[in-house]
Amino acid sequence: AIPIGVDVNYFSYRENFSEENYIGFLGAMSVAHNENAVRHFIADILPQIVKERPEAKFLVIGGGASEDLRKLESDHVHFTGRVDDVRDYLEKCKVFVCPMTFGSGIKTKNLEAMAMGIATITTTIGAENIDAENMQEWIMVDNSDEFAESVVKLLEDDAFRHYIGESGNKFINQNYTWNVTKNKFDKLLKTIK
């Protein structure tokens with residue numbers, strides 16, 4: 001398989017030293033699997049995080065949220081709507097989450113967040129076709145309690161968060177740049193001559 005690429009110059013590494021505990025999600029909210037992931041996070045995961053970190057805020061980056069979905073906005077949940085540059089919002093986030101419960105294909109949102117050095121937590125569905133190493137280059141967990149615990153751990157442990165973010169960035173640069181994709185295509189085309 002030839003992987004999709006990420007523009008690593010555009011989604012470049014940015015170290016986050018903010019005191020704010022933003023947890024980010026990126027995607028078009030008019031897409032069913034994104035809306036479901038956001039609803040799942042708000043209902044099943046975020047309350048447990050807020051118990052431990054009352055200042056934590058979930059930043060939902062992307063347009064298309066329905067009026068019904070926007071009713072979930074609170075002191076701990078903010079919908080940005082469509083934005084000119086997602087990087088301006090991603091770089092505020094200490095943790096990026098992809099709590100997908102269904103969907104298919106590579107979740108480029110994970111690749112982009114990892115390219116920026118943001119510690120990323122995803123589910124098995126969110127991890128499909130991305131072979132990053134669990135607990136090294138990202139965290140992959142399906143259980144809601146464990147997902148919440150992982151977010152809290154990353155918010156509280158700066159060294160661990162930076163380690164996961166840096167390792168994720170290196171993984172993307174080695175495996176998911178457009179140059180990697182081009183080189184794999186070149187190699188494949190040479191074999192069929």
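The structure displayed is predicted, hence computed values, not measured ones. (Residues numbered from 1 in each chain as written. Predicted model: local features only at pLDDT ≥ 70, side-chain atom pairs only at ≥ 80, totals over all residues. Heavy atoms only, no water.)

**Q** How should I be thinking about the overall build of the protein chain in this particular structure?
**A** A tally of regular secondary structure across the protein chain gives seven helices and six strands. The C-alpha atoms of the protein chain give 16 Å as radius of gyration, which agrees with the globular expectation for 193 residues (16 Å, within 12%). By principal-axis analysis of the C-alpha atoms, the protein chain measures approximately 60 × 35 × 30 Å. Relative to its 193 residues, the protein chain shows a buried fraction of 48%. Long-range pairs, those at least 24 residues apart, make up 70% of the contacts in the protein chain between residues at least 6 apart in sequence. About 9600 Å² of surface is accessible on the protein chain, with carbon and sulfur atoms providing 48% of the total. Across the protein chain, the 21 positively charged side chains and the 30 negatively charged ones have centroids separated by 7 Å. (Helix = DSSP H or I, 4+ residues; strand = E, 2+ residues; numbered from the N terminus. Rg over C-alpha atoms; globule rule 2.2 N^0.38 Å. Buried < 20%, exposed > 50% of the residue type's maximum accessible area, 1.4 Å probe, protein only. Contact = heavy atoms within 4.5 Å. Areas by Shrake-Rupley, 256 points an atom, 1.4 Å probe, with all protein chains shown as cover. Lys, Arg positive; Asp, Glu negative; His and termini not counted. Charge placed at Lys NZ, Arg CZ, Asp CG, Glu CD.)

**Q** Quick question: what am I supposed to make of the nonpolar core here?
**A** The nonpolar side chains of a soluble globular protein tend to be buried with one another. Core analysis: the biggest nonpolar cluster contains 56 residues, and Ile 23, Phe 25, Val 38, Phe 41, Ile 49, Phe 58 and Val 97 have the highest contact counts within it. Ranked by residue count, the leading element in this core is helix α1 (residues 32-52), at eight residues. Ignoring anything within four residues of it in the chain, the contact list for Phe 58 reads Ile 23, Gly 24, Phe 25, Val 38, Phe 41, Ile 42, Leu 46, His 76, Val 77, His 78 and Val 97. (Core = buried A, V, L, I, M, F, W, Y, C linked by side-chain atoms within 4.5 Å.)

**Q** What am I meant to see in helix α5 (residues 144-156) here?
**A** Note on helix geometry: an α-helix contains 3.6 residues per turn, so any two residues three or four positions apart are oriented the same way. End to end, α5 covers 18 Å across 13 residues, agreeing with the expected 18 Å (1.5 Å per residue, within 8%). On the buried face of α5, the contacting elements are β1 (22-26), α1, β4 (93-98), β5 (119-122), β6 (139-140) and α6 (158-175). Here α5 starts with a cap whose side-chain oxygen sits 2.9 Å from the backbone nitrogen of Asp 145, and that cap is Asn 143. (Expected span 1.5 Å × (residues − 1). Polar contact = N/O pair within 3.5 Å; in protein donor to acceptor, adjacent residues only side chain to side chain.)

Keep in mind these numbers describe shape, not what the thing actually does.
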